[in-house]
Amino acid sequence: MLIVMDTLATASQVQVVCAEITAMGLTPHPMPGAQRTAIGITGNKSAVDASRLEQMPGVARVIQVTAPYKLVSREFHEQDTLVDVSGIKVGGDRFVIMAGPCAVESAEQIDSIAASLRESGAHILRGGAFKPRTSPYSFQGLGESGLRLLADAGKRYNFPVVTEAIDNETLDLVAHYADLVQIGARNMQNYSLLRHAGRCGKPVLLKRGMAATLEELLMAAEYIVNEGNPNVILCERGVRTFADHTRNTLDLSAIPFVQRTSHLPIIADPSHGTGRRDKVIPLSCASVAVGADGLMVEVHPHPDSALSDGPQSLFPEQFRDLVKRVSAIAGVVGRHLN
Ligand code: PEP
Ligand code: MN
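None of these values were measured; they are calculated from a predicted model. (Residues numbered from 1 in each chain as written. Chains lettered and ligands numbered in written order. Predicted model: local features only at pLDDT ≥ 70, side-chain atom pairs only at ≥ 80, totals over all residues. Heavy atoms only, no water.)

## Remarks on the coordination of the manganese ion (ligand 2)
- At the metal site, the manganese ion (ligand 2) is ligated by Cys102 (SG), His272 (NE2), Glu298 (OE) and Asp309 (OD), and these contacts range over 2.0 to 2.3 Å.
- In the primary sequence, the donor residues of the manganese ion (ligand 2) line up as C-x169-H-x25-E-x10-D. With Cys102 in the loop between β7 (96-100) and α3 (107-120) and Glu298 in strand β14 (residues 294-298), the pair connects residues that are 196 residues apart, well separated along the chain. (Donors = N, O, S within 2.8 Å, 3.2 Å for Na, K, Ca; no water. Helix = DSSP H or I, 4+ residues; strand = E, 2+ residues; numbered from the N terminus.)

## Describing the pairing of strand β9 (residues 161-164)
- Here β9 shows two buried faces, one formed by Val161 and Thr163 and the other by Val162 and Glu164.
- For the handedness criterion, the β-α-β arrangement of strand β8 (residues 124-126), helix α4 (residues 144-156) and β9 is classed as right-handed.
- Where β9 lies against strand β10 (residues 180-183), three bridges are found, and the strand directions are parallel. Residue pairing in the sheet places Glu164 in a bridge with Gln182 of β10.
- In the classification by handedness, the crossover that spans β9, the intervening helix α5 (residues 168-177) and the parallel β10 is right-handed. (Buried < 20%, exposed > 50% of the residue type's maximum accessible area, 1.4 Å probe, protein only. Right-handed = clockwise from strand over helix to strand, strands pointing away. Pairing = 2+ DSSP bridges.)

## Concerning unusual backbone geometry
- Of note in this structure, Asn158 is not a glycine but carries a positive phi near 60°.
- Its place among the elements puts Asn158 in the loop between α4 and β9.
- A positive phi angle is found at Asp309, which is not glycine, with a value near 55°.

Quick look at the structure:
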């Protein structure tokens, strides 16, 4: 439920309504806006008696929120949320590109790719240190030394960094080094990890599970925001379908749907979304055209010898080309890269 206060409502009237909501055993979420304050209500297991609240001084109207997600819904919060990743704002006019290798492999590898990405115009450096691999025999990431190498390269080339946390044991360590903590597709419904991410003090990049509906994605985001962390960026990274010409099917229709339903920014990951290097540039162009707030792209100095996701990783010169093309399309849809 959402209480919309009158444009002339006073701060003390807002306080009294919040106190009444608390007395009803519910949680008020006051949201001051440009014109008026709205107060979201969570914590109800069944319908709330609106009449009591409707009659209180300063209340303009009471709206029933129909979506199961509350804090992340547009009904609760009309304006777009801008997530500030150490100075790079995601969700505004700027189209934000996160790029880097699937995994941090060595000091030389991350340094060389960061230097090249700085030249090409990326905004945020990515690189996994804890990798969720299908096989226990595959490269699992460098762990804390990988985090340190990523953070050092970020500092050297003036990039905020994003990296994945795969479990509760290492999330605080990841949050210590990262500017943006990634929760991967495989963990989208790991609810204790989502709650922990909501308390980690850093913005969170939440990737869509490979078999998750958009309602499930938004409910997962609700877990993070409900812990008091409103800084969530969503990511469409492809879902499993019958198609076998790609590894996953990048669901571009998710982007306008989420933007209509939620105030959170959403980016696209055409690398995991297709699994094929030759599809990454076309689907990056499509993502910006459809209104995505940014991209996550895998780029490696030597994709053919990458320890993970080589077949979908771009060569540095391909990434340079991607930025040029995406930048041209961004201009058409009212966005810019700089
Ligand atoms: C990744 O970004 O490296 C990754 C593992 O992504 P996803 O969780 O989308 O598979
Ligand atoms: Mn990868």
